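# Notes for the structure review
Residue-level listing of the chains:
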Amino acid sequence: MMRAAGLLALLALLTAAPSTQAADAADPAAEAKAFREFFVKKFPQVKLDDFVNGPYSMNEDMRRQWEEKEEFPPYQFALDAGKEMFSQPFKNGKTYADCFDNRGIGVRQTYPMFDATAGKVVTLELALNNCREANGEAPLSYVKDEMASLTAYMAFTSRGKAMDIKLPDDPRARAAFETGKQYFYTRRGQLNFSCASCHVQSPGERIRAEVLAPALGILNAMPIYRSEWSGMGTTSRRFTTCNSQIRGVPLEPQAEEYRDLEYYLSYVSNGLPVSGPGARP
Amino acid sequence: MASSIRVRATANGGTTEVQALIQHPMDTGLVKDAQGQLIPAHFIQQLSFEHGGKTVFLADWGPAVAKDPYLKFSFKGAAKGDELKIGWTDNKGASDSTTARIG
């Protein structure tokens, strides 16, 4: 009897599977809207464009300190170094500018983008290393130093531009978006946290001495100078350290799931301005 | 190589406000690297700001100052357009200096 019931349930599941999947996969545009509305409703006092300033949009005291810091920002050296590196030609005479639309100026808000030929999400960091490799140069480390300087410069040239992530009508792009979303909401690590546990459920709350940033627009500020790191960090660095902090095993920087996560998070932040490079405690 | 010193000095009434950011590792000598080897101490020992041949700010620093230090102070007696000379020396004998125009 039990077995029959189990079998029936299994059968029901099997037949129901395709249709539920379709129902679950809400329209990404509607999803982005719902995501944004969640934060707007949760924090009615915060202006929409201010979410990109992370913890400073949540905490008045931190905000004052940050405003003073911004007069002479700690990412200044990285920015200068990035500008210099960006214009320096490779051994073959080409530069980074040759790899990007509009010669790389003011394009940060379009990354990550879905590359239809490769069938995968290409982040700005990946695009920079692809550019290096196409020109016979060794790839850079994804987490800090040169890579962060380059993305800092590129972000700076896009400051204030609205995030403009395209989701082409391609099932692979859609799948990447879904994978990213799933990664975002999946609990992991010894502490059993998902990205959302902190950045959707608890923005503005303290986690020890830190104030958690809202997920909406969280990547718009990348890369960041973190006083805790006493240096710059890229989106890759942020993802991997987040995973270690919840006592999980981080993926490799620019692993497919991280790229998909970046795609998802950037897409749902469409319309919010690029504020990077940022400075965080 | 760009200068390791960034300065902004603005005269406002009788006082000039100076902000500076210096790129320096400021290693304490107590930290180990990824291989477990101690990173030798490397820090700025003296930092000075001169205006019209007179030292207006002199700091004796040690390993307790953070990496890429930032500082801000103000002094009297300078006018817009004056030159400010900034220099540091570290415990390894390295140094850097730059000049900035008061705006």
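Scroll up to find the structure this text is about.
Basis of the calculations
Residues numbered from 1 in each chain as written. Chains lettered and ligands numbered in written order. Predicted model: local features only at pLDDT ≥ 70, side-chain atom pairs only at ≥ 80, totals over all residues. Heavy atoms only, no water. Pairing = 2+ DSSP bridges. Helix = DSSP H or I, 4+ residues; strand = E, 2+ residues; numbered from the N terminus. Axes fitted to C-alpha atoms, helices over the stretch in contact; angles between N-to-C directions. Expected span 1.5 Å × (residues − 1). Buried < 20%, exposed > 50% of the residue type's maximum accessible area, 1.4 Å probe, protein only. Salt bridge = Lys/Arg side-chain N within 4 Å of Asp/Glu carboxyl O. Parallel < 35°, antiparallel > 145°, perpendicular 65-115°, else oblique. Left-handed = near helix turned anticlockwise from the far one by under 90°. Contact = heavy atoms within 4.5 Å. Nonpolar A, V, L, I, M, F, W, Y, C, P; charged D, E, K, R; others polar. 1 Å grid on protein atoms, 1.4 Å probe; cavity = no way out; pocket = protein on both sides within 12 Å on 5 of 7 lines; lining within 4 Å. Points joined across faces, edges and corners; volume = space filled by probe spheres on them. Core = buried A, V, L, I, M, F, W, Y, C linked by side-chain atoms within 4.5 Å. Domains from an automatic or database assignment.

Turning our attention to the sheet that holds strand E6 (residues 83–90) of chain B. Residues and elements named next belong to chain B. Read across the open sheet, the 4 strands follow the order E4-E3-E6-E7; overall the sheet is antiparallel. Both outer strands of the open sheet, strand E4 (54–60) and strand E7 (95–101), are each paired with one neighbouring strand and no more. The average angle at which neighbouring strand axes cross in this sheet is 15°, direction not considered. Strand direction decides the pairing type here: strand E3 (residues 44–51) and E6, joined by 7 bridges, are antiparallel.

With 12 residues, helix H4 (residues 76–87) of chain A ought to run about 16 Å at 1.5 Å a step, and its terminal C-alpha atoms sit 17 Å apart, in line with that. What H4(A) keeps buried is the set A:Phe77, A:Ala78, A:Leu79, A:Gly82, A:Met85 and A:Phe86.

Through backbone hydrogen bonds, the strands of a sheet pair up, either in parallel or in antiparallel fashion. Residues and elements named next belong to chain A. Spatial strand order, E6-E5-E7: 3 strands in an open sheet with mixed pairing. Each edge of the open sheet carries a strand with a single partner, namely strand E6 (231–233) and strand E7 (278–280). Along the sheet, successive strands turn relative to each other by an average axial angle of 35°, direction set aside. Examined bridge by bridge, strand E5 (residues 224–226) and E6 share 3 bridges and lie antiparallel to one another. Along E6, the bridge assignment pairs Ile 224 with Gly 233.

This brings us to the pattern of salt bridges. Any two side chains of opposite charge can pair, on the condition that their charged atoms come close. Per the counting criterion, the structure on display carries 15 salt bridges over all chains. Salt-bridge contacts for B:Lys72 lead to A:Glu68; the nearest nitrogen and oxygen are separated by 3.1 Å. Here the residue B:Lys72 occupies a position in strand E5 (residues 70–76), and A:Glu68 occupies one in helix H3 (residues 60–70), the pair thus bridging two chains. The exposure class assigned to B:Lys72 is partly exposed, which follows from its relative accessible area of 34%. When its relative accessible area of 40% is taken as the criterion, A:Glu68 is described as partly exposed. One salt bridge connects A:Glu228 with A:Arg226, and the closest N-O pair in it is separated by 3.0 Å.

Residue and element names in this part refer to chain A. It is the contact of helix H2 (residues 28–42) with helix H7 (residues 171–185), at a shortest axis distance of 12 Å, that shows an interaxial angle of 30°. Considering their axes alone, H2 and H7 lie roughly parallel with respect to each other. Crossing handedness for the pair H2 and H7: left-handed. In contact with Pro 28, Glu 31 and Phe 35 of H2, H7 contributes Arg 174, Phe 177, Lys 181, Phe 184 and Tyr 185. Its residues assigned to classes, the contact of H2 with H7 comprises 5 nonpolar, no polar and 3 charged.

Residue and element names in this part refer to chain A. Estimated volume of the largest pocket: approximately 870 Å³. Taken together, 36 residues line the largest pocket, and the ones lying closest to its centre are His 199, Leu 212, Arg 238, Cys 242 and Gln 245. Every element with two or more residues in the lining of the largest pocket is listed here: H7, helix H8 (195–199), strand E4 (210–211), E5, helix H9 (235–245) and helix H10 (256–267). Among the elements that make up the lining of the largest pocket, the one with the highest residue count is H9 (5 residues).

On to empty space enclosed by the protein, then. Residues and elements named next belong to chain A. One pass over the full model with this rule turns up 1 cavity of 30 Å³ or more. As a volume, the largest cavity reaches approximately 80 Å³. Lining the largest cavity are Arg 108, Tyr 111, Leu 124, Glu 125, Thr 151, Met 222, Pro 223, Thr 235 and Glu 262. Classifying every residue of the lining of the largest cavity gives 4 nonpolar, 2 polar and 3 charged.

Our focus in this paragraph is the nonpolar core. Nonpolar side chains tend toward joint burial in soluble globular proteins. All names here are of chain A. Membership of the largest hydrophobic core comes to 42 residues, with the highest contact counts inside it found for Phe 35, Phe 39, Phe 51, Phe 184 and Leu 265. Contributing elements (two or more residues each) for this core: H2, H3, H7, H8 and H10. With 6 residues, the top contributor of residues to this core is H10. The residue makeup of this core includes at least three contributed by each of domain 1 (26–71 + 167–276) and domain 2 (76–156). If sequence neighbours within four positions are ignored, Leu 265 has contacts with Phe 184, Ala 215, Ile 218, Leu 219 and Phe 239.

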